[in-house]
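# Secondary and tertiary structure notes
One letter stands for each residue in the lines below.
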4 protein chains.
Amino acid sequence: MLKLNEPIIIVNFKTYIESTGKKAIELAKQAEKVSKETGAQIIVAPQFVDLAKIAEDIDIPVFAQHLDPITPGNNTGHILAEALKEAGVVGTLINHSERQLRLIDIQKTVELTKEKGLISCVCANNPATSAAIAALNPDITSIEPPELIGTGIPVSKAQPEIITNTINLVHQINKKMPILCGAGISQAEDVTNALKLGTQGILVASGIVKAKNPYNTLYTFANATQQQR
Amino acid sequence: MLKLNEPIIIVNFKTYIESTGKKAIELAKQAEKVSKETGAQIIVAPQFVDLAKIAEDIDIPVFAQHLDPITPGNNTGHILAEALKEAGVVGTLINHSERQLRLIDIQKTVELTKEKGLISCVCANNPATSAAIAALNPDITSIEPPELIGTGIPVSKAQPEIITNTINLVHQINKKMPILCGAGISQAEDVTNALKLGTQGILVASGIVKAKNPYNTLYTFANATQQQR
Amino acid sequence: MLKLNEPIIIVNFKTYIESTGKKAIELAKQAEKVSKETGAQIIVAPQFVDLAKIAEDIDIPVFAQHLDPITPGNNTGHILAEALKEAGVVGTLINHSERQLRLIDIQKTVELTKEKGLISCVCANNPATSAAIAALNPDITSIEPPELIGTGIPVSKAQPEIITNTINLVHQINKKMPILCGAGISQAEDVTNALKLGTQGILVASGIVKAKNPYNTLYTFANATQQQR
Amino acid sequence: MLKLNEPIIIVNFKTYIESTGKKAIELAKQAEKVSKETGAQIIVAPQFVDLAKIAEDIDIPVFAQHLDPITPGNNTGHILAEALKEAGVVGTLINHSERQLRLIDIQKTVELTKEKGLISCVCANNPATSAAIAALNPDITSIEPPELIGTGIPVSKAQPEIITNTINLVHQINKKMPILCGAGISQAEDVTNALKLGTQGILVASGIVKAKNPYNTLYTFANATQQQR
């Protein structure tokens, strides 16, 4: 069971070739291994097509990268909560900066996750939108300045005030909301810094998926979260 | 191998509860059985989450319901052609009336399917947009008047002129383009009529997925395509 | 000067034929007349094409129905803050239920209005999204349950708890935020009820634009806001 | 009256500060002066907010930059054909690369312009989408490779094959369709080249709006169209 009040690492597989198909399963297995060895909470968020096999084979929490605010019926090319649940998926990213939604759809999707027993991690681009999201009471809020995504320049170093402002604003609205941060995180010290600034962990993509040795890098990240507790 | 110059039935699973998860696999198996027994070409288009297992287990062509015009990289919550390919998917619906796209994205997605060796079936709402789609040279064009979707009133009976107009306009632009029709098809005679009007088959969803006995209904549809040859 | 701590009536002209072109100017003049006769604060929100003439001819505040989060430059078919300002427009609706935006665009547009000295009235569909909007600190929040828009069934009677819930949630985040309500308002008592429930006024469209005698109806609305002070 | 079989220059005002408000009127007057002095057909496409005054004051055709496929009614923040007509607007750009639409909305908007007696100029990014647009039978098709917009590198020089391919594909579908080209046009010789390649004129924005002397530059463009006849 995921503990929302302890450190969390979410690995977003995006649509990298290194995290597609068999390579996605391999990467998820490495994440599982790191989680078991370190005790750290690691969540993987593969592509939709890879979700079912990974959720079946792997014993760490699996998130979707997006969920549509729909119920069963006439919807073509959409993501149904019931399909995620049956595949063994336990939660979902919502409103990632690469899949941004209308406010009404974020709110409906958060409601839907509550109804269906899925964990929601809603992403925001800046402190102001993080606060707006906190008002919707998702399970987790994640702040990622989009200009740093994929740069290797960690938000926790380049713009620590974005993180602290976000934490202040979000906690004024919702004191216990777990806040993750992302963008540019590629080293264990970035994780340590993120936790020191008051976040509860990180949302990482290329920093792991495109690392020379994803297992090794993720291991150091996981260790950083455990030392920080 | 799919023969694009012979009758085709595409079963769109949409996000019906009757075509989600295990039920999706079950339904796909019935479609496979009908295809083997009748010799009819039947394609299934399940939800993204169910694609991989169905493509692995089932020996008839599997389509996605949508594909994003993207290449591997920084895309969260999108559908990557490479992921579909690796899962064993052979084609995709594009621009279904429940997932309509900007013209530029239809064009880019059709290009992408050609590059990646996927079969494209682009959907249109009316004769004019069908003609526009024909100019993009997809593998298949499908016409579905959205006001009839899910009604049980077959387009081939209610608005046969929509089908014949579409065929005329499309074939002026692209003589050999296979044209399917959909919306309201629930009986074998609707299939027969569709073929008589000059289409090459049908795109069906609730008519099969929500039929009392999907195997039986699909069997009669498949038979209708075989008698028409 | 608009006083944001006193009752406000915003008349949204939408794209009704009765509020297009010359008829828009005529309607705006009647709103001006009512405002002068009763002392009530009335804002008109005409279509973009009619904004400049109305703002020139009429001596009550004029709002746009939408603003794009853009700066001067390469944007075709968009609404520029500088163009609104130069035309004499003093504020704008944002995220009306008929023109809903991504969260990031609502936030950027609110920021833009602050920079440019425009008054922002951000619309919400329900209490949860109202709270999210309050976290963005616009000048005004307006709650309109979309299912009641244009029905003549006033939200203040049919769903008073939506209004009171909204006020509670919004004021927890932003104590002084003026809150308007809309949808189905067609009689003076609906205005009175809205104010009694704790709103600071109403956002009305068809209730005035399509009234038999818009001047008379608006007069009774304006009176209701003045008696309530 | 606009003659669709003679050379045409459309000046898209976009949302440049140099073509907003009073400056928009000034620029439109210079376009009118050039048109009268040279006999060239020049169309101006100002921002929505400036349309009414310009159409009233200026005696050359005025286009909108976008039109929504709607009828009078419950639409907030949209562009109504009736409002354009009453303001004296005679046509509209549709699907500019900075305001791209779903295929179904392009088709509905083209239909709407026919019903309402507005001239439609539908924009495309590449030869394939130009062909698709030709199948919808607008009055004018315009091809603009978006990567050249605002660069000063003229499409007629950098990628003449894009123009000739477009003309070939479009004329296969619709022999008489007038085709404009745009992107990077800043000198009279670019106009001459565009006409020599077989277009019927140009769609220009920054090349005029941001020219040191818009009147002078537009004059040379207009002259180029007249010499080419």
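Below, the structure is looked at part by part. All values reported here derive from a predicted model rather than from experimental measurement.

Reading the values: rules and limits
Residues numbered from 1 in each chain as written. Chains lettered and ligands numbered in written order. Predicted model: local features only at pLDDT ≥ 70, side-chain atom pairs only at ≥ 80, totals over all residues. Heavy atoms only, no water. Axes fitted to C-alpha atoms, helices over the stretch in contact; angles between N-to-C directions. Helix = DSSP H or I, 4+ residues; strand = E, 2+ residues; numbered from the N terminus. Parallel < 35°, antiparallel > 145°, perpendicular 65-115°, else oblique. Contact = heavy atoms within 4.5 Å. Nonpolar A, V, L, I, M, F, W, Y, C, P; charged D, E, K, R; others polar. Salt bridge = Lys/Arg side-chain N within 4 Å of Asp/Glu carboxyl O. Buried < 20%, exposed > 50% of the residue type's maximum accessible area, 1.4 Å probe, protein only. Pairing = 2+ DSSP bridges. Expected span 1.5 Å × (residues − 1). Arc of directions from axis to C-beta. Least-squares fit on C-alpha atoms with pLDDT ≥ 70 in both. Buried area = accessible area lost by both parts, 1.4 Å probe. Left-handed = near helix turned anticlockwise from the far one by under 90°.

At their nearest, the axes of helix 2 (residues 48-57) of chain C and helix 2 (residues 48-57) of chain D sit 5 Å apart, and the two run at 70° to each other. Of the possible angle classes, the one that applies to helix 2 of chain C and helix 2 of chain D is roughly perpendicular. On helix 2 of chain D, the residues that touch C:Phe48, C:Val49, C:Leu51, C:Ala52, C:Lys53 and C:Glu56 of helix 2 of chain C are D:Phe48, D:Val49, D:Leu51, D:Ala52, D:Lys53 and D:Glu56. Its residues placed into classes, the contact of helix 2 of chain C with helix 2 of chain D shows 8 nonpolar, no polar and 4 charged.

Take the pattern of salt bridges next. Per the counting criterion, the structure on display carries 35 salt bridges over all chains. For A:Lys210, the salt bridge is made with A:Glu18, and the minimal N-O distance between the two is 3.2 Å. One end of the pair, A:Lys210, is in the loop between helix 9 (206-209) and helix 10 (214-228); the other, A:Glu18, is in the loop between strand 1 (8-12) and helix 1 (22-38), and 192 residues separate them in sequence. Residue classification places A:Lys210 among the partly exposed residues on the basis of a relative accessible area of 47%. You can call A:Glu18 partly exposed: its relative accessible area is 29%. The residue A:Glu56 makes a salt bridge to B:Lys53 at a minimum N-O spacing of 2.4 Å. On the criterion of chain membership, the pair formed by A:Glu56 in helix 2 (residues 48-57) and B:Lys53 in helix 2 (residues 48-57) is interchain, its members lying in two chains. Using a relative accessible area of 25% as the deciding quantity, one classes B:Lys53 as partly exposed.

Residue and element names in this part refer to chain C. If you trace the 8 strands from one edge of the open sheet to the other, you get 2-1-8-7-6-5-4-3, paired in parallel fashion. Of all the strands in the sheet, just strand 2 (41-45) and strand 3 (63-64) have a single pairing partner and so form its edges. Bridge count between strand 6 (residues 140-143) and strand 7 (residues 179-182): 3 bridges; the pairing is parallel. Paired with Ser 142 across the strands is Leu 180, a residue of strand 7. With respect to the sheet, helix 4 (residues 103-116) is in contact with strand 4 (91-94) and strand 5 (119-124), its orientation differing from that of strand 4 by roughly 170°.

Here we come to helix 7 (residues 160-173) of chain C. Residues and elements named next belong to chain C. Counted at 1.5 Å a residue, the expected span for helix 7 with its 14 residues is 20 Å, and the 20 Å between its end C-alpha atoms agrees. Inspection of helix 7 places Ile 162, Ile 163, Thr 166, Ile 167 and Val 170 among the buried residues, and these make up the whole buried set. Take helix 7 and look down its axis: the buried residues cluster within an arc of 130°, on one side only. Structurally, helix 7 contributes buried residues whose contacts are with helix 5 (127-134), strand 6, helix 6 (155-158) and strand 7.

One finds no contact linking chain B with chain C; the least C-alpha distance across the pair is 16 Å. Nowhere do chain A and chain D come into contact; their C-alpha atoms are at least 16 Å apart.

Next up on the list: the relation of the copies chain D and chain C. Mapping chain D onto chain C calls for a screw motion: a turn of 180° about the axis and a shift of 0.0 Å along it, with 0.0 Å RMSD after fitting. Both copies are brought into coincidence by an operation consistent with a two-fold rotation axis. Using C-alpha coordinates, one finds that chain D approaches the rotation axis most closely at D:Val49, a distance of 2.6 Å. Most of the interface of chain D is mirrored in chain C, where 100% of its interface residues again form contacts.

A separate point is the interface of chain D and chain C. Taken together, the contacts link 38 residues of chain D with 38 residues of chain C. Roughly 3,200 Å² of surface becomes buried between chain D and chain C when both sides are summed, with 56% attributable to carbon and sulfur atoms. For chain D, the biggest contributors to the area lost against chain C are D:Thr15, D:Val49 and D:Thr76; these three give 23% of the whole. Remark: the boundary between chain D and chain C carries 2 salt bridges.

Sheet strands associate in pairs through backbone hydrogen bonding, adopting either a parallel or an antiparallel arrangement. All names here are of chain D. Spatially, 8 strands are ordered 2-1-8-7-6-5-4-3 in an open sheet, and the strand pairing comes out parallel. Strand pairing shows two members of the sheet lacking a second neighbour, strand 2 (41-45) and strand 3 (63-64), which therefore form its edges. Where strand 5 (residues 119-124) and strand 6 (residues 140-143) come together, 4 bridges link them in parallel fashion. Bridge pairing in strand 6 links Cys 121 to Ile 140. Against the sheet, helix 7 (residues 160-173) makes contact with strand 6 and strand 7 (179-182), and its axis sits at roughly 155° relative to strand 7, the strand it touches most.

At the interface, 38 residues of chain B touch 38 residues of chain A. Of the roughly 3,200 Å² buried at the junction of chain B and chain A (both faces included), carbon and sulfur atoms supply 57%. When the buried surface of chain B facing chain A is broken down by residue, B:Thr15, B:Val49 and B:Thr76 rank first, second and third, together holding 23% of it. Across the contact surface, chain B and chain A share 2 salt bridges.

The next thing to look at is the packing of helix 5 (residues 127-134) of chain B against helix 7 (residues 160-173) of chain B. Residues and elements named next belong to chain B. With their axes 8 Å apart at the nearest point, helix 5 and helix 7 run at an angle of 25° to one another. Classed by the angle they form, the pair helix 5 and helix 7 counts as roughly parallel. With respect to the hand of their crossing, helix 5 and helix 7 are arranged in right-handed fashion. Contact residues: helix 5 offers Pro 127, Ala 128, Ser 130, Ala 131 and Ala 134, while helix 7 offers Ile 162, Asn 165, Thr 166, Leu 169, Val 170 and Ile 173. Along the lines of polarity and charge, the residues of the contact of helix 5 with helix 7 split into 8 nonpolar, 3 polar and no charged.

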